[in-house]
Amino acid sequence: MIFAAIAVVCGINLVVQTHPISSALSLVGVMGALAALYLLLGGEFIAAAQLVVYAGAIMVLFVFVIMLLNAGTESRGRRSWAQYAGVPLLLVLLGLVACLIARGMPASENVVFGQFTKGGPLDIGRALFTTYLLPFEVTSVLILIAILGAIVLARKEID
Amino acid sequence: MPALPASVPISWYLTLSAILFVLGIAGFLFRRNIITVFMSIELMLNAVNLSFITFSYKLKQVDGHIFSFFVMVVAAAEAAVGLAIILTVFKNRQTLQIDELSSLKN
């Protein structure tokens, strides 16, 4: 509950702040709070991976690029029709989803810490290397392609 | 009466996921900085991850964790390539405002 409040506040802060660095730090807050929530839901491995991969690696990448590009405060642009139509549509979407969730899920079923214990590295690894072996290997190829693509895109032009 | 309940229903987790997703869409729509738009996408991915983990808890299966792991990996690859593209765009156009990057329009 506390972590959910932290996540929502940081998420709002991400959207509201005008400076990219502030948004990035808010996103780190969201990810930290989500890691705590994963831990409460029994996902020890995913919580650790969230902290290491997201809050660590990806956000460092973001902050690095922001610093590198010297990104300043963004200017107020022209508002397009999508933004005027967006707010009520987003609220409708949120209401609809919340209504569906409230109808589909029994409200009495509480989350109890420690009830789901299969989220540790042992069970994750077993599932990853037996049932999901092919997607895992394909993912490694995807990462290799991403590395090559990033290098090709970001290198200096050699003439 | 206690102000904060010790344990919350599962539906609250899903509602938090929906709220974060909507916030991500709002950032995607309203922000003009290409890096912030990119961060909004990451926020949406995180919201979906929370849904996966919650359903994994509810169904008592580990598959949701695996899917969440794959989403994380793909997000990492996407962030690397996307930020490289942003670097290239900035090198060529000297701007980060998405309104000025409209050469694909018309």
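The rules behind each value
- Residues numbered from 1 in each chain as written.
- Chains lettered and ligands numbered in written order.
- Predicted model: local features only at pLDDT ≥ 70, side-chain atom pairs only at ≥ 80, totals over all residues.
- Heavy atoms only, no water.
- Contact = heavy atoms within 4.5 Å.
- Buried area = accessible area lost by both parts, 1.4 Å probe.
- Polar contact = N/O pair within 3.5 Å; in protein donor to acceptor, adjacent residues only side chain to side chain.
- Helix = DSSP H or I, 4+ residues; strand = E, 2+ residues; numbered from the N terminus.
- pLDDT = per-residue confidence, 0-100.
- Phe/Tyr/Trp six-rings, centres within 6.5 Å; stacked < 30°, edge-to-face > 60°.
- Buried < 20%, exposed > 50% of the residue type's maximum accessible area, 1.4 Å probe, protein only.

(A) Summary view of the interface of chain B and chain A. In this assembly, 72 residues from chain B lie in contact with 80 residues from chain A. The junction of chain B with chain A conceals about 6,900 Å² of combined surface from both sides, 77% of it contributed by carbon and sulfur atoms. If you sort the residues of chain B by the area they bury against chain A, B:M39, B:Y57 and B:M72 come out on top, with a joint share of 10%. Linking chain B to chain A there are 4 residue pairs in polar contact (both at pLDDT 80 or more). Elements represented by at least two residues in the side of chain B that touches chain A include exactly α1 (10–30), α2 (34–59) and α3 (63–93) of chain B. With 24 residues, the single largest contributor to the side of chain B that touches chain A is α3(B).

(B) The confidence of the model for chain B, seen in detail. Chain-level pLDDT for chain B is 84 on average; 92% of the residues reach the 70-or-more range. Within chain B, no element has a lower average pLDDT than α1(B), which sits at 86, and none a higher one than α2(B), at 90.

(C) The arrangement of the packing of aromatic side chains in detail. Summed over the entire model, instances satisfying the criterion amount to 6 aromatic pairs over all chains. With 5.7 Å between their ring centres and 45° between their planes, A:F45 and B:F69 make a pair best called tilted. With A:F45 in helix α3 (residues 44–69) and B:F69 in helix α3, the pair connects residues from two separate chains. By relative accessible area, which is 15% here, B:F69 ends up buried. Ring geometry for A:Y132 versus B:F67: centroids 6.2 Å apart, planes at 75°, classification edge-to-face.

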